[in-house]
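# Working through the structure, step by step
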Amino acid sequence: MRELIFYLLIICAGTGGELCVSRAMKAVGEVKDFRPSALIRVAARALRVPWMWAGLGLMATAFFSLLAVLSVEKVSLVVPVTALSYAGGALGGKFFLGEKVTRRRWAGVLLVCIGVALVIVGRR
């Protein structure tokens, strides 16, 4: 049961964090200058956006949950199961960020989910 909670935290918090960071960076704008001084200015602007802090907190939660589950489960199971975050990313992109998700992308998400199901069933 504990592992299931960690998996859910990895998938939900990790995906939620990525969505929040994406929203923050859309507010900051496109990075066009890759000189170190310009990147520092972009990072400073990004840290003023509340979505960035929410995203960083969620991603940290997912990272520490990943460490916890890796201490008790095999990496050959953990990594494929965390691929369910692709489904969360597609759903979040569509409903949270308002992105258009094509049928081809949904088909890819379905294939990932089928692969995860095979890994879980083959666990025994």
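Residues numbered from 1 in each chain as written. Predicted model: local features only at pLDDT ≥ 70, side-chain atom pairs only at ≥ 80, totals over all residues. Heavy atoms only, no water.

On to the overall build of the protein chain, then. Per the secondary structure count, the protein chain includes six helices and zero strands. Tracing the protein chain from N to C terminus, the helices and strands come up as α-α-α-α-α-α. Overall, the protein chain is about 50 × 35 × 25 Å in size when its C-alpha atoms are taken along their principal axes. Burial status across the protein chain gives 29% buried among its 124 residues. Sequence-distant contacts, at least 24 apart, represent 76% of the contacts inside the protein chain between residues at least 6 apart. For the protein chain, the exposed surface amounts to about 8,300 Å²; the carbon and sulfur share of it is 69%. Between the averaged position of the 16 positive side-chain charges in the protein chain and that of its 6 negative side-chain charges there is a distance of 5 Å. (Helix = DSSP H or I, 4+ residues; strand = E, 2+ residues; numbered from the N terminus. Buried < 20%, exposed > 50% of the residue type's maximum accessible area, 1.4 Å probe, protein only. Contact = heavy atoms within 4.5 Å. Areas by Shrake-Rupley, 256 points an atom, 1.4 Å probe, with all protein chains shown as cover. Lys, Arg positive; Asp, Glu negative; His and termini not counted. Charge placed at Lys NZ, Arg CZ, Asp CG, Glu CD.)

The next point concerns the side chain of E73. As for its placement among the helices and strands, E73 is situated in the loop between α3 (50-70) and α4 (75-82). Judged by its relative accessible area of 17%, E73 falls in the buried class. The residues touching E73, leaving out its near neighbours within four places in the chain, are E3, Y7, V78 and R123.

Time to look at the pattern of salt bridges. What the rule picks out here adds up to two salt bridges. Close ionic contact of E3 with R2 constitutes a salt bridge, the shortest N to O distance being 3.9 Å. The salt bridge partner of D33 is R35, with a shortest N-O separation of 2.5 Å. Residue class for D33 comes out partly exposed when judged on its relative accessible area of 27%. Take R35: its relative accessible area is 51%, and that puts it in the exposed class. (Salt bridge = Lys/Arg side-chain N within 4 Å of Asp/Glu carboxyl O.)

Once that is clear, we can look at helix α1 (residues 2-28). With 27 residues, α1 extends 38 Å from end C-alpha to end C-alpha; this agrees with the ideal 39 Å at 1.5 Å per step. Residue G29 follows α1 closely and has a positive phi angle near 110°. (Expected span 1.5 Å × (residues − 1).)

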